[in-house]
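Each chain, letter by letter, is given below.
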There are 2 protein chains.
Amino acid sequence: MTNKDARTPASVQDDTSPEAGKSIGWHKAYVEGSRPDLRVPVRQVHLTNGQSVTLYDTSGPYTDPLVDTDVRRGLPPLRENWIIARGDTEEYAGRPVRPEDDGIKHTSPRGGLRNLDAVFPGRPRQPRRGRDGQPVTQLAYARRGEITPEMEYVAVRENVSPEVVREEIAAGRAVLPANVNHPEIEPMIIGKRFLVKVNANIGNSAVTSSIEEEVEKMTWATRWGADTVMDLSTGRNIHTTREWVLRNSPVPIGTVPLYQALEKVDGKAEELTWEIYKDTVIEQAEQGVDYMTVHAGVRLPYVPLTANRKTGIVSRGGSIMAAWCLAHHKESFLYENFEELCEILAAYDVTYSLGDGLRPGSIADANDEAQFAELRTLGELNQIAKRFHVQTMIEGPGHVPMHKIKENIDLQQEICEEAPFYTLGPLTTDIAPAYDHITSGIGAAMIAWWGTAMLCYVTPKEHLGLPNRDDVKTGVITYKIAAHAADLAKGHPGAQEWDDALSDARFEFRWEDQFNLALDPDTAREFHDETLPAEPAKTAHFCSMCGPKFCSMKISQDIRREHGGSRAEVEEGMAQKSKEFAASGNRVYLPIAD
Amino acid sequence: MTNKDARTPASVQDDTSPEAGKSIGWHKAYVEGSRPDLRVPVRQVHLTNGQSVTLYDTSGPYTDPLVDTDVRRGLPPLRENWIIARGDTEEYAGRPVRPEDDGIKHTSPRGGLRNLDAVFPGRPRQPRRGRDGQPVTQLAYARRGEITPEMEYVAVRENVSPEVVREEIAAGRAVLPANVNHPEIEPMIIGKRFLVKVNANIGNSAVTSSIEEEVEKMTWATRWGADTVMDLSTGRNIHTTREWVLRNSPVPIGTVPLYQALEKVDGKAEELTWEIYKDTVIEQAEQGVDYMTVHAGVRLPYVPLTANRKTGIVSRGGSIMAAWCLAHHKESFLYENFEELCEILAAYDVTYSLGDGLRPGSIADANDEAQFAELRTLGELNQIAKRFHVQTMIEGPGHVPMHKIKENIDLQQEICEEAPFYTLGPLTTDIAPAYDHITSGIGAAMIAWWGTAMLCYVTPKEHLGLPNRDDVKTGVITYKIAAHAADLAKGHPGAQEWDDALSDARFEFRWEDQFNLALDPDTAREFHDETLPAEPAKTAHFCSMCGPKFCSMKISQDIRREHGGSRAEVEEGMAQKSKEFAASGNRVYLPIAD
């Protein structure tokens, strides 16, 4: 949004750090709320015409040259005083960290001590939880009519009143994921009345990747606009990787506790128990995970519904639970113990992300009986979670062709009482491995227009391998496009001001402004320089498509000069202007020599 | 489509040429029609399970190892005998080619003889046109009830009856662009009842690029799936570049004659005349251009409607005509001479692509008065063209946010009596220069679902520079995704069989089949190898996302093995199967060592 309203950034610092490279056209700034410790970061783009444009910023303190960040120390605990001031939580000893939390076993052939360097060296801390097991969730506060600093923070961020934020959370139409053990986050909100959000997945696996890489991917993803990050690690060092990620993350972190629980039973799904799962949830809640995917909707009777599918069950969590149900011929332990799980999550303000373990993995399986049977159960679980004041969002597909997307979200909104929908894609065709950021970006834009609150990104490596840094960036950028296209289509207040600012710059040949306003200034600048490398070209009044000899933008500017003003004025003066145009030599292109 | 029907390829040749590289899993094959000289190329993918999948093929003779292609000789004139056999055309001396056709002037400071090597060295030919100026268009034939070989060819290609093709052309709901002077093309059809098509733009400009590069871009674009190619050259050597492109193109070629006309008056729009324009159209029609963009809808009274736009007129053709109208304060010479133009086009079977010179160049300008005023004129011109039996399609936007796309195409279909819509994108947001293939791929998929017959691709270089080879590929692949997603959403017969074949391969861990069925086999294989480079990984029963220890696809296969069959059988046998599952050791993942 352009900076038209009364609020002005509290400070605008010059980003003179070497990392800033060529991106000197924007600065990190802060908008202050009602109290001095409530400062909402924005990306302030300074245009060459003297105006400025204020954009939403997810990049955290890393882009603030006045903050000295160090991944070995972690980020400052922004929310700590707000949490303590509420007086409803207590510190406690916490669950001891065990070698098996990192997948290390005496029985393992590769067992032994883990690399001690990997232990997070930052300040020691004790976990915190609701005193006497009381719910300390933003939902509970909102229902009581309280506007927390977190709510005010997101209100400033979204340019709405704090009361709107409170209402949407109280109604269950939005969530503000903020574990009391993750004070480092800059609060954000997920709900269809707000800007569409984007999640980026990171995580090592048994095959590849390291702790350092995952932390770097997280900061990299938020730099390009990821609103939350899910750590989907499945290999060794799960606990330690997560600790590093959490302590350094300015955005909410999500996980799938089932993945770690499976590691603890050496990958044998049938050996999973409610006790092991619960212990893992507490372990992660104490670390500060903000939302957890829970596949409690994969019930025993639904497993056979997938037998004749083209691609069966493609969700890892879904297939783990299906395997467990089959092995024991028993109802899912997640479904059976859901109320106890609610009590745990409420005590830390962990948000549910109710997983769609039976989501379709191909166009052929979209919107089938298995998928919708699970969705109805998610609706039921959503109601239970709300009784326990646990914030809840619902995960969605998957692979869905365009003509079945609307049915999908309409049903979710109805069954889940407008709880935020959090969708993976959906992918609108199966035929393009290596381009599934695009097959899914199409579906993502559409479903977000129709109400999805947060989009889970898909990278070019989907179905093929683990994303590297470049893939993470491509995935985030693609999904920021989908999210913003949806914000426009929903008529979100202020969304179009960004497009307008960029289009104005384009029309007026302000190349540097175009680059600085672009979602990805670096690549835009690089592409331009490929065709017209010389520095003067960036101030030239033509673009590299047509060249200097003929330029349609230039002609349009002439028309505006000729015919600007009201319609009446325009028509009245047209003949006269036409004569002047002819008299001026009919210059419709710039006099740059061919 | 998989090869289920009675038709079998006339021949399947082994592609053993070195260029084929690693792509040995598919072969060029031909489906024969009712006569031996009617052989429709297909891409036959051979799967490791013994089945094969037949895909639409646009790549021309270049991918047939039995055809000896040479760009200096040109492609064989496939349609020549069909055209001659109709007996309604005649060869004639034709318009002499002049130096100024290539932008060479004595007065030009850089004038002089062009590089003689660039003259196309292939067989000499005389142009052909309708005898006594009669219309020799596929529309005229279709209206007379004739099914031409071209119509039968596309019927085989689209897997529909020739009568459907004839009907759609006769009704003006489809076009089959096929200039009598471009006998080299493999006929294709553009209409909403058929597969959605993709156009790729190439063309040199005053700034960069050469003839060789443009010919290479054309063959490269068709290799990845471009159904037509537009040569939008604006610099020198326009005539010669076009000759090389036409003689080597297996797909219809489109142009914007106005660009070349402007070169002939040294870029001075006000010096354009109907005579210069008409001469250029004849020059291009004699060369064999299959469809021409004509901006006859940019009328004098509409120019002021653009004055208060955010980005004015962004179409080059539109701004040239607007500048001309302003300079002379006269109605457009294209609008005024439209009937004479129809007579010319009908004599060569050049298809109209009625240009949207006033298309919006920004979200702010979408669906505005200027755009819709022009659209109404295009509807009027469409009716005139049809009177002259000229095949006609209508060009569409531009920049349009998602919620305004449906209104746009619904209005076009109504006003233009369902004439094929040919849209650029539309781009659904302005904020992502360097990613406009994606901002527009989203809009393209949606508008094609709702009825657009052909999509004009957008490359990552849009707004920034001229596309190189990689950009052309990215643009084509992105748009093939949009087109296919739309085919699926429209329920086009056979479209989903491609997705199903790929999803089956994915579910069954047939990696090589996944690659060979992918829109871009090379990149899919490369991405997979990045994570798991070893050759055995391509036969491994796990994917690189989860690794060997746990694999959801594998669990699904177990479920299918356990529970395949009807619902009743499944439920009946479930308890029993569960016991067996437990007895088997509950193997839900492959016994590959960690």
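Residues numbered from 1 in each chain as written. Chains lettered and ligands numbered in written order. Predicted model: local features only at pLDDT ≥ 70, side-chain atom pairs only at ≥ 80, totals over all residues. Heavy atoms only, no water.

Per an unreviewed UniProt entry, chain A carries the name Phosphomethylpyrimidine synthase and comes from Streptomyces filipinensis. Comment text from UniProt for chain A, heading Pathway (unreviewed entry), reads "Cofactor biosynthesis; thiamine diphosphate biosynthesis." What UniProt states about chain A under its Catalytic activity (unreviewed entry) heading is, verbatim, "5-amino-1-(5-phospho-beta-D-ribosyl)imidazole + S-adenosyl-L-methionine = 4-amino-2-methyl-5-(phosphooxymethyl)pyrimidine + CO + 5'-deoxyadenosine + formate + L-methionine + 3 H(+)". (UniProt positions renumbered as here; feature names shortened; annotations may be inferred.)

Caption draft 1: Geometry of the sheet that holds strand β9 (residues 197-202) of chain B. Residues and elements named next belong to chain B. Strand order around the closed barrel formed by eight strands is β9-β10-β11-β12-β13-β14-β15-β16, with parallel pairing between neighbours. Here the average twist between neighbouring strands, direction ignored, is 25 degrees. Alignment of strand β15 (residues 421-424) against strand β16 (residues 454-456), held across three bridges, turns out to be parallel. If you follow Tyr 422 over to β16, its bridge partner there is Met 454. Sheet strands in contact with helix α12 (residues 369-387) are β13 (351-354) and β14 (392-396), and its direction is about 165 degrees off that of β14. (Pairing = 2+ DSSP bridges. Helix = DSSP H or I, 4+ residues; strand = E, 2+ residues; numbered from the N terminus. Axes fitted to C-alpha atoms, helices over the stretch in contact; angles between N-to-C directions. Contact = heavy atoms within 4.5 Å.)

Caption draft 2: Molecular detail of the packing of aromatic side chains. All names here are of chain A. All chains considered together, the criterion is met by 20 aromatic pairs over all chains. With a centroid separation of 5.4 Å and an interplanar angle of 25 degrees, the aromatic rings of Trp 449 and Trp 450 are classed as stacked. Across the pair, Trp 450 and Trp 449 agree in class, each one buried. One aromatic cluster in this structure is built from Trp 274, Tyr 277, Trp 324 and Phe 333. We note Arg 39 situated over the ring of Tyr 30; from NZ or CZ to the ring centre the distance is 4.2 Å. (Phe/Tyr/Trp six-rings, centres within 6.5 Å; stacked < 30°, edge-to-face > 60°. Buried < 20%, exposed > 50% of the residue type's maximum accessible area, 1.4 Å probe, protein only. Lys NZ or Arg CZ within 6 Å of the ring centre and 35° of its normal.)

Caption draft 3: Fine view of the pattern of salt bridges. Residues and elements named next belong to chain A. For the structure on display, the rule yields 80 salt bridges over all chains. The shortest N-O distance in the salt bridge between Glu 339 and Arg 387 comes to 3.2 Å. A residue pair is termed long-range when its members are at least 10 positions apart, and Glu 339 in helix α11 (residues 338-348) and Arg 387 in helix α12 (residues 369-387) qualify at 48 residues. Assessed through its relative accessible area of 54%, Arg 387 is described here as exposed. (Salt bridge = Lys/Arg side-chain N within 4 Å of Asp/Glu carboxyl O.)

Caption draft 4: Molecular detail of the UniProt feature "binding site: Zn(2+)" (unreviewed entry) in chain A. Under the feature "binding site: Zn(2+)" (unreviewed entry), the UniProt entry names His 399 and His 463 of chain A. A maximum C-alpha distance of 12.2 Å places the annotated residues, which cover 65 residues in sequence, within one compact spot. If you trace the backbone, His 399 of chain A turns up in the loop between β14 (392-396) and α13 (405-415). Here His 399 of chain A is in contact with Pro 360, Gly 361, Ser 362, Ile 363, Ala 366, Leu 427, Asp 430 and His 463 of chain A together with Arg 506 of chain B, once residues within four sequence places are set aside. Structurally, the position occupied by His 463 of chain A is in the loop between β16 (454-456) and α15 (469-489). On the basis of relative accessible area, His 463 of chain A is assigned to the buried category, the value being 15%. At a separation of 3.4 Å, a polar atom in the side chain of His 463 of chain A contacts the side chain of His 399 of chain A. (Polar contact = N/O pair within 3.5 Å; in protein donor to acceptor, adjacent residues only side chain to side chain.)

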